[in-house]
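# Descriptive analysis of the structure
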Amino acid sequence: MAFEHKSVLLEEVVNGLNIKPDGIYVDGTLGGGGHAFEVCKRLNDKGSFIGIDQDAAAIEAAGIRLRSFGEKVTIVRSNYCDMKLRLRELGIDKVDGIVLDLGVSSYQLDTAERGFSYTKDAPLDMRMDTRQTKTAADIVNGYSEMDLFRIIRDYGEDKFAKNIAKHIVQAREKGPITTTGELTEIIKASIPMKFQKMSGHPAKRTFQAIRIELNQELTVLKESLDEMIDLLNSGGRICIITFHSLEDRIVKEAFRRNENPCTCPSHFPVCVCGKKSKGKVITRKPILPGETETEENSRSKSAKLRIFEHI
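In this report, the structure presented in the accompanying data block is examined. Along each chain, the written sequence defines residue order, and numbers are assigned to residues from 1. Per-residue local features of the predicted model are confined to residues with pLDDT of at least 70, and side-chain atom pairs are confined, for both listing and counting, to 80 or more; whole-chain, interface and lining totals are unaffected and use all residues. With hydrogens and water set aside, each side-chain value is computed from the structure's full complement of heavy atoms.

The next subject is the environment of Lys159. Here a helix means four or more residues in a row that DSSP labels H or I, a strand means two or more in a row labelled E, and each is numbered from the N terminus. By the element assignment, Lys159 lies in the loop between helix H7 (145–156) and helix H8 (161–172). Once the C-alpha coordinates of Lys159 and Arg256 are considered, the two residues, 97 residues apart in sequence, prove to be 30 Å apart.

Tracing the backbone through its elements, the reader meets Ser224 in helix H11 (residues 217–230). Relative accessibility under 20% of the residue-type maximum defines a buried residue, over 50% an exposed one, and the middle range a partly exposed one, all with a 1.4 Å probe and only protein chains included. Residue classification places Ser224 among the buried positions, given a relative accessible area of 3%. The contact rule is simple, with two residues in contact once any of their heavy atoms fall within 4.5 Å. What Ser224 contacts, discounting residues up to four positions off in sequence, is Tyr80 and Cys81.

With that settled, consider H8. Taking 1.5 Å per residue as the helical rise, H8 with its twelve residues ought to reach 16 Å, and the 17 Å between its terminal C-alpha atoms agrees with that figure. Buried within H8 we find Ala161, Ile164, Ala165, Ile168, Val169 and Arg172. Along the axis of H8, the buried positions cluster into a sector of 130°, meaning they face one direction only. In a helix, the anticipated span is given by 1.5 Å times the number of residues less one. The reported arc concerns the directions from the helix axis to the C-beta atoms and nothing else.

Turning to the sheet that holds strand S5 (residues 232–242), a few remarks are in order. As summarised here, the arrangement of the seven strands in space is S3-S2-S1-S4-S5-S7-S6, forming an open sheet in which the pairing is mixed. The sheet is open, and its two borders are formed by strand S3 (73–77) and strand S6 (279–281), each paired with just one other strand. For this sheet the average axis-to-axis angle between neighbouring strands, irrespective of direction, equals 15°. Between any two strands, pairing holds if DSSP finds at least two bridges. Sheet topology note: the strand S4 (residues 95–101)/S5 ladder contains six bridges and is parallel. Bridging from a neighbouring strand, Val95 pairs with Leu232 of S5. Orientation is described by lines fitted to C-alpha atoms, with helices fitted over the stretch in contact, and by angles between N-to-C directions that extend from 0 to 180 degrees. The sheet strands contacting helix H3 (residues 56–65) are strand S2 (48–53) and S3, and the helix crosses S3 at an angle near 170°. Of the strands in this sheet, S5, S6 and strand S7 (304–310) are in contact with helix H12 (residues 245–259), which crosses S7 at around 20°.

To continue, consider the pairing of S3. Of the strand pairs in this sheet, S2 and S3 are connected by five bridges, and their pairing is parallel. Bridge pairing in S3 links Gly51 to Ile75. Handedness of a crossover: with both strands directed away from the viewer, a clockwise path from the first strand across the helix to the second marks it as right-handed. Between S2 and its parallel partner S3, the chain crosses via H3, and the hand of that crossover is right-handed.

Read these as spatial facts, not as claims about activity.
Rendered as structure tokens:
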């Protein structure tokens, strides 16, 4: 299957980066190269672009899409949490802009064998980096009932987390749960019918929770944001698109903390902690997709874009 992925908030991200034609820009979640293509179009011969992704299919697709830009583009297979290290290996200390388009791509959802979708029966996989040995099946069949409850509650924010975890453990006693279809049916049986049509597909939140846990998505995001902001030149911007409240909360808090890192008690007349602001939040409220985009691309409905500028 060809890698097809429609970039969300494309124009808003490109405008938000405030691109310098001779600048250095990084996309930490390259995907099919949609945002990258528009950034590269605005760079001159002195500008450069580095694309990072851990998905081999994305690397291949982006390589083809960005081929016309030649040596201006460098593509690296890695996780964006290693961005500083990967850039150092390329002899780069500072950049002028960073893009992150978080979550799962359209291609990953639509490719059944990747195991991300609850609408297609396939092996329980969900690995964003297929070099990783641990899969979703290892979590479903290996985690304790308490740990399953914890991740479904915390990462899926599902009020039926306890019952879902209990049903998963009961079902696997009869034999391993190996497919997305099996897991989906177990989840459906865990949720009262009257609630199943109230907030989307009943398996949506549990699948999200398992995917986040497997790929350590929130941990990677939380531990990478400060370092990425430090990579920016003065005036450089980081644009981050999130797709659920857990991600958005982390980004919002990190941007605010970097804008105002002072830890002094509020009654102190002057700051004595010595912590200096790294920049300013450009988006006091997140930028949301317009009506036309949400109609054309259902994935964009939950998207939020936040932007921070380094000083």
